[in-house]
Amino acid sequence: MHLADLYPEEHIYSGLVRSRYLSGQMFVSERRFFELNELPYHWLRSQTPLCSNLKFVIDALKLEPEKRYQLRIHHSPLAPWLLSYTDGQDPMNVELSGLRNNLEENPFNIDRRWKFCPKCLIENRAKYGVSYWHSQHQLLGARTCYIHHTALHSHDDLRYLNFTLPHHWIAKSEPLLAEDKWQKEWQSFIFKISAAIVSNPDIVNQLKKDIHQHLSIYKPVKRSHKALLNSLFFKMREELGEECLAGLFTAYARKIPRPPNILWVTLSPFTQNTGLRHPLYWLSILFWLKDNLPTMKELMK
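A quick note: this is a predicted structure, and the numbers were derived from the prediction, not measured.

## Description of the overall build of the protein
Logical step 1: What the protein contains, in helices and strands, is 13 helices and two strands.
Logical step 2: Whereas a compact globule of 301 residues would reach a radius of gyration of roughly 19 Å, the protein reaches 20 Å, a difference of no more than 12%.
Logical step 3: Along the three orthogonal principal directions, the C-alpha set of the protein runs to about 60 × 40 × 35 Å.
Logical step 4: The proportion of buried residues among the 301 residues of the protein is 54%.
Logical step 5: Within the protein, contacts between residues at least 6 apart in sequence are counted, and of these 70% link residues at least 24 apart.

Next comes the structure, spelled out in C-alpha cells:
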C-alpha cells in the first residue's frame, strides 16, 4: 500500500483518506478499497492510536521500528498513551493497547468525533491545496485549536471518518464550546502535556514519580493502601468537581451508584485490566495535581 506523504501533524487516517482520492479509488466501494489495499475493513476512529486496525495500516507500509514509532507519535494522538506504559516498556515495541477496538473508548465520556479548525482548514488549503485532519485536534478532550485558540468544529456524522476531509464539513459543522471552567483549563493542559511527551517521552516516568511522592503512595502499591487511596480520592473528587469527572468518565456521567475510584484503578495492580490502562485515568490525576507537582508546574508555564 502507498500512503500519501503526510503533512505536518496530519493524522495517519487522514493520509489514508487522501491516498484513496489520489489513487482514483474513490469510485470503488469502501469495502473494495480495503480489499485492494489488503487491509481489513474497519471504521476510522480518531482516538485509538494503539488499536489493531491502525496497526494493519502501519504494517502495510513496511517501516522499520523507529520509523513506525515516529509515524505514530507525530501523526496520531499517541502521546498521552505513553503514560499508560508499564515500567520498562519501550515505546517503539508497544503497538497495541490489548483492548478490543469497539470497546476501547466505551468507559469514557469525552467527545470522540473527528474535529477540525476552520482557520487551519483555510491555511492548509492555501499552503498545500488541500485540507486535512490534524492529529493534535483529536487529543482527548480537545475542543479548541492549539494554534489559533479558537473552537474546533465537528458534526454528529463524524463519529467515524467515512473518507471525507474537513472542507467537506465546513458548511454543516458546529463549534465545540468549552463552557465549563474545567473544560477551559483542560485545553491548555492536554496540548502542553502531549507536546512535552512528544518532545521527551521519558517525562512520563518523572510525572508518575511525582504523583507517588506527592500522595505518599510508594511502589509496590498494596491492598493495605486501599483506605488511604479512598480518602485521597474523596479529596480528588471534591476538588475536581462532579462536572469534570462526568465530562471525562461515563460512570460519573450516568451517576451509577458505585463509580470507580480513579486513584485505585490507576495506581494499584489489583484492578481487572486486559491491556494498557486508558490514559484518561493518568490524565485526570495529573489534571487534579497540576498545581502541586514540580514537573507539571514547569510544564504548564
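This is not the end of the story, as more comes after the structure.
## A few points about the packing of aromatic side chains
Logical step 1: Using the criterion set out here, one finds 21 aromatic pairs in the structure.
Logical step 2: A network of ring pairs unites the aromatic residues Phe 108, Phe 233, Phe 249, Tyr 252 and Tyr 281 as a single cluster.
Logical step 3: Its guanidinium or amino end placed over the ring of Trp 169, Lys 172 lies 4.6 Å from that ring's centre, counting from NZ or CZ.
Logical step 4: In this arrangement the basic side chain of Arg 223 is found over the ring face of Phe 270, its NZ or CZ atom lying 4.1 Å from the centre.

## Quick word on unusual backbone geometry
Logical step 1: In this structure, the amide linkage connecting Lys 219 to the following residue, Pro 220, adopts the cis form with an omega of -5°.
Logical step 2: Here Pro 220 is to be found in the loop between α7 (203-215) and α8 (226-240).
Logical step 3: Here His 149, not a glycine, exhibits a phi torsion of approximately 60°, which is positive.
Logical step 4: Structurally, the position occupied by His 149 is in the loop between α5 (118-128) and β1 (153-154).

## Re the pattern of salt bridges
Logical step 1: Scanning all chains against the criterion turns up 12 salt bridges.
Logical step 2: Residue Lys 181 is joined to Glu 185 by a salt bridge in which the shortest nitrogen-to-oxygen separation is 2.5 Å. Of this pair, Lys 181 and Glu 185 both sit in helix α6 (residues 181-199), four residues apart, which is roughly one turn of that helix.
Logical step 3: Overall, Lys 181 belongs to the exposed group, its relative accessible area being 62%.
Logical step 4: A network of salt bridges, in which partner residues are shared, links Lys 55, Asp 59, Arg 68, Arg 72 and Glu 95.

## Remarks on the environment of Ala 171
Logical step 1: Structurally, Ala 171 is set in the loop between β1 and β2 (174-175).
Logical step 2: For Ala 171, a relative accessible area of 80% puts it in the exposed group.

## Points about the packing of α7 against helix α12 (residues 279-288)
Logical step 1: Packing of α7 against α12 brings their axes to within 11 Å, and their N-to-C directions diverge by 60°. By the angle class used here, α7 and α12 are oblique. For the crossing formed where α7 meets α12, the hand is left-handed. Note on element contacts: α12 touches α7 through Trp 282, Ile 285, Leu 286 and Trp 288, opposite Leu 207, Lys 208, Ile 211 and Leu 215.
Logical step 2: When grouped by side-chain class, the residues that make up the contact of α7 with α12 number seven nonpolar, no polar and one charged.

## Re α7
Logical step 1: Helix length check: α7, at 13 residues, gives a terminal C-alpha distance of 19 Å against a target of 18 Å (1.5 Å per residue), a fit within 8%.
Logical step 2: Every buried residue of α7 is accounted for by Ile 203, Val 204, Leu 207, Lys 208, Asp 210, Ile 211, His 212 and Leu 215.
Logical step 3: Considering only its buried residues, α7 is in contact with α6, α8, α11 (262-267), α12 and α13 (294-299).
Logical step 4: Once α7 ends, the next one or two residues include Ser 216, with phi positive near 55°.

## Topic: the environment of Ile 197
Logical step 1: Mapped onto the secondary structure, Ile 197 falls in helix α6.
Logical step 2: Among the residues examined, Ile 197 registers a relative accessible area of 0% and is labelled buried.
Logical step 3: Here the alpha-carbon distance between Ile 197 and Pro 80, two residues 117 residues apart in the chain, equals 7.4 Å.
Logical step 4: Each residue touching Ile 197, except ones within four places of it in the same chain, is listed here: Ala 79, Pro 80, Leu 82, Leu 83, Ile 203 and Val 204.

## Notes on helix α1 (residues 12-22)
Given 3.6 residues per turn, any residue in an α-helix points the same way as the ones three and four places further on.
Logical step 1: Burial within α1 is extensive, with nine of its 11 residues counted as buried.
Logical step 2: Phi turns positive one or two residues past the end of α1, at Gly 24, with a value near 75°.

What counts as what
Residues numbered from 1 in each chain as written. Predicted model: local features only at pLDDT ≥ 70, side-chain atom pairs only at ≥ 80, totals over all residues. Heavy atoms only, no water. Helix = DSSP H or I, 4+ residues; strand = E, 2+ residues; numbered from the N terminus. Rg over C-alpha atoms; globule rule 2.2 N^0.38 Å. Buried < 20%, exposed > 50% of the residue type's maximum accessible area, 1.4 Å probe, protein only. Contact = heavy atoms within 4.5 Å. Phe/Tyr/Trp six-rings, centres within 6.5 Å; stacked < 30°, edge-to-face > 60°. Lys NZ or Arg CZ within 6 Å of the ring centre and 35° of its normal. Salt bridge = Lys/Arg side-chain N within 4 Å of Asp/Glu carboxyl O. Axes fitted to C-alpha atoms, helices over the stretch in contact; angles between N-to-C directions. Parallel < 35°, antiparallel > 145°, perpendicular 65-115°, else oblique. Left-handed = near helix turned anticlockwise from the far one by under 90°. Nonpolar A, V, L, I, M, F, W, Y, C, P; charged D, E, K, R; others polar. Expected span 1.5 Å × (residues − 1).

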